[in-house]
Amino acid sequence: MADLSISSKASLVLDLPPSCIQFCPAYPEYFVIGTYNLQKEGNGGQPEAEKDSQVREEPAVELKKSQSRNGSLVVYKTDGSTVTHVQTISQPSALLDVRFHPAAGIQDIVAVVSSTRTLAIFRLNPTTNPDAPLQHIATSQCDDLAEHVLFLQCSWHPTDGQIIGVTTSTGLSKLLRLDSEWKIAAAVDIDIANSLEAWSIAFAPGPGPVAAPVGLTTVYTGGDDSVLRYNSYLVTSDKDDELVAQESPSFNPISIKGQHDAGVTAILPLALHESSGGRLVVTGSYDDHVRLFAIHDPQESYGMKRVKLLTEKNLEGGVWRLDLVDAVSSEGSVEIRILASCMYAGARLVQISQGADGTWRCEVLARFQEHQSMNYGCAIVPPRKRGDHRLVCVSTSFYDKLLCLWEYEL
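In this report, the structure presented in the accompanying data block is examined. (Residues numbered from 1 in each chain as written. Predicted model: local features only at pLDDT ≥ 70, side-chain atom pairs only at ≥ 80, totals over all residues. Heavy atoms only, no water.)

Overview of the pattern of salt bridges
To be explicit about the condition: Any Lys or Arg side-chain nitrogen found within 4 Å of a carboxyl oxygen on Asp or Glu counts as a salt bridge. When accessible area is computed with a 1.4 Å probe and restricted to protein chains, residues below 20% of their type maximum are described as buried, those above 50% as exposed, and intermediate ones as partly exposed. Strands here mean DSSP runs of E at least two residues long; helices mean DSSP runs of H or I at least four residues long; both are numbered from the N terminus.
Taken as a whole and judged by the stated rule, the model has 14 salt bridges. Here Arg99 ties to Asp97 by a salt bridge, and the two come within 2.9 Å at their closest N and O atoms. By relative accessible area, which is 2% here, Asp97 ends up buried. Across the pair Asp108 and Arg123 runs a salt bridge, and its minimum N-O distance is 3.3 Å. Here Arg123 lies in strand E9 (residues 118–124) and Asp108 lies in the loop between strand E7 (95–100) and strand E8 (109–114), a separation of 15 residues in the sequence. Here the salt bridges share partners, and the residues they tie into one network are Asp144, Lys174 and Asp189.

Structural data, given as structure tokens:
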């Protein structure tokens, strides 16, 4: 086996365990890390991440009552070779996910979900205050959830800039409507809930081969019950934006069972489609595998389940997050490159491709294995110039609180 290992160019240690990371599309030299600090009763207030540095296989979320959690948002700046700390904002809750808004004009807006079912909105703008570019806008909660419930992941709606999807530790998937002040104005449960923790939620990024009704969007969720679920929804609200209603045009929710041998922890729907019309959807699981499916949007299959597993690969560690590098389709061939956070196995750069003969394959291009504990977050440094063949990545690990910068020549 060829040695695909990569060494870091720079590294540093954070104050608290990192749980999530994302670069700011509006200011691509800046990225934000969310941290998750767990304290248990009886350990003298010592954070568990400091008390026990051994590698573990369970996620950072531990659902026990006798504990308290806090965290922070940490802003860094990189030039592609060095990493500089800019700002730290302490938070009263542990942070599970951070997501910058994808819409043009508001890509400096970032959503943050926490262990106390809060949705916090911040704006990152280094032009107004270089020393403290991240400024708080609003924090709100879902009042219909019990106090012990955690928000686990969030994802912005691809066409409605005031809607965000969230998942919970009780298996729910919810759509939240935000008002003009970026606070939760209304919420609705959607019918693709999981029976255990709902680890992931994702929206289809664009229309399929068949034009869909305006506002109809496919939503995917994955949970600890090893099931991938999806359905299509029309999201509407009254004139005062006080009500969010979801309508599924006679479609029943669809479940994909038996394809994952453990929890579905990452979902990456692509704008590309297989020759039969199925959308290409990549998933990650605790079972160490990354998988590529062709899944027909319900509005294109008249609500019928049309799913095909195209290829899969064992990445030697639980696949917690997937970050798209690029996806290209040309003259019958497809090439998809993905950065995967593989928990206790570090980070993997993966290429999924389809040859001219129609055969799909998945291969590992590179491994970054300097992390000595759980890798819950990786991110790709946006290229500084068009045509740059140097892929620069930032990866983190939880218990040793390590952040590393490394690169791969494409």
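Let's pick the thread back up.
Describing the sheet that holds strand E23 (residues 307–314)
So the rule is basically this: A pair of strands is treated as paired once DSSP finds two or more bridges between them. For helices, the fitted axis covers only the stretch in contact; all axes are lines through C-alpha atoms, and the angles between them, taken along N-to-C directions, range from 0 to 180 degrees.
Strands sit in the order E20-E21-E22-E23 across an open sheet of four strands; the sheet is antiparallel. Strands at the two margins of the open sheet, each flanked by one partner only, are strand E20 (264–273) and E23. Adjacent strand axes in the sheet meet at a mean angle of 20°, parallel and antiparallel pairs treated alike. In this structure, strand E21 (residues 279–285) lies alongside strand E22 (residues 289–295), joined through six bridges in antiparallel fashion. Bridge pairing links Thr283 to Arg291 in E22.

Quick word on the packing of aromatic side chains
Let me state the cut-off plainly: We call Phe, Tyr and Trp rings a pair once their centres come within 6.5 Å, taking the six-membered ring for Trp, and we label the pair stacked below 30 degrees between planes, edge-to-face above 60, and tilted otherwise.
Following the criterion strictly, the structure yields 12 aromatic pairs and no others. Relative to Tyr286, the ring of Trp199 lies with its centre 6.3 Å away and its plane at 65°, an arrangement referred to as edge-to-face. Within this pair, whereas Trp199 is found in strand E15 (residues 198–203), its partner Tyr286 is found in the loop between E21 and E22, the two being separated by 87 residues in sequence. In this structure, Trp199 and Tyr286 share a single accessibility class: buried. Cluster of aromatic residues (ring-pair linked, three or more members): Tyr36, Trp199, Tyr286, Trp320, Tyr376, Phe398 and Tyr399.

A word on the sheet that holds strand E30 (residues 402–409)
The strand order across the open sheet formed by four strands is E1-E30-E29-E28, and the pairing between neighbours is antiparallel. Sheet topology places strand E1 (10–13) and strand E28 (377–380) at the edges, where each strand pairs with a single neighbour. The mean angle between the axes of side-by-side strands here comes to 20°, regardless of whether they run parallel or antiparallel. Bridge count between strand E29 (residues 390–397) and E30: eight bridges; the pairing is antiparallel. The partner of Leu391 across the bridge, within E30, is Tyr408.

Here we look at the side chain of His371
Let me state the cut-off plainly: Nitrogen and oxygen atoms within 3.5 Å of one another constitute a polar contact, given that in protein one can donate a hydrogen and the other can accept it, and given that sequence-neighbouring residues count only through two side-chain atoms.
Inspection of the secondary structure assignment puts His371 in the loop between strand E27 (360–368) and E28. Looking at His371, its side chain comes within polar contact range of the side chain of Ser395, at 2.7 Å.

A short note on the pairing of E30
Relative to E30, E1 is paired through four bridges, and the arrangement is antiparallel. Note that in E30 the partner of Ala10 across the bridge is Leu405. Linking E29 to E30, which pair antiparallel, is a turn of four residues; within it Lys401 sits at a positive phi near 55°.

A short note on unusual backbone geometry
Unusually for a residue other than glycine, Asp288 sits at a positive phi of about 80°. Position of Asp288 relative to the elements: it lies in the loop between E21 and E22. When its relative accessible area of 15% is taken as the criterion, Asp288 is described as buried.

Points about the environment of Arg390
For Arg390, the location among the structural elements is in strand E29. Under the relative-accessibility criterion, Arg390 is labelled partly exposed at 28%. Between the alpha carbons of Arg390 and Tyr408 there is a distance of 5.9 Å; along the sequence they are 18 residues apart. Engagement of the side chain of Arg390 in a polar contact is seen with the side chain of Glu407, the distance being 2.9 Å.

Topic: the nonpolar core
The tendency in soluble globular proteins is for nonpolar side chains to be buried as a group. In plain terms, the rule: Here, nonpolar core refers to any group of buried Ala, Val, Leu, Ile, Met, Phe, Trp, Tyr and Cys residues whose side-chain atoms link them within 4.5 Å. Throughout, a residue-residue contact means that at least one pair of heavy atoms, one from each residue, lies within 4.5 Å.
Counting 33 residues, the largest nonpolar core has Leu119, Ile121, Trp156, Leu176 and Leu178 as its most contacted members. If you list the elements that add at least two residues to this core, you get E8, E9, strand E11 (151–156), strand E12 (163–168) and strand E13 (173–178). Among the elements that take part in this core, E11 stands out by supplying four residues, more than any other. The contact partners of Leu178, leaving out residues within four places of it in the chain, are Leu119, Ile121, Trp156, Gln162, Lys183, Ile184 and Ala185.

Re the pairing of strand E14 (residues 184–189)
With five bridges connecting them, E13 and E14 associate as antiparallel partners. Bridging across to E14, Leu176 finds its partner in Ala187. Two successive antiparallel strands, E13 and E14, enclose a turn made up of five residues, where Trp182 displays a positive phi of approximately 65°.

A short note on the side chain of His260
Positionally, His260 belongs in the loop between strand E19 (254–256) and E20. A relative accessible area of 4% places His260 in the buried class. There is a polar contact of 2.9 Å between the side chain of His260 and the side chain of Thr283. Setting aside chain neighbours within four positions, we find His260 in contact with Ser226, Leu228, Thr283, Ser285, Asp287, Arg291 and Phe293.

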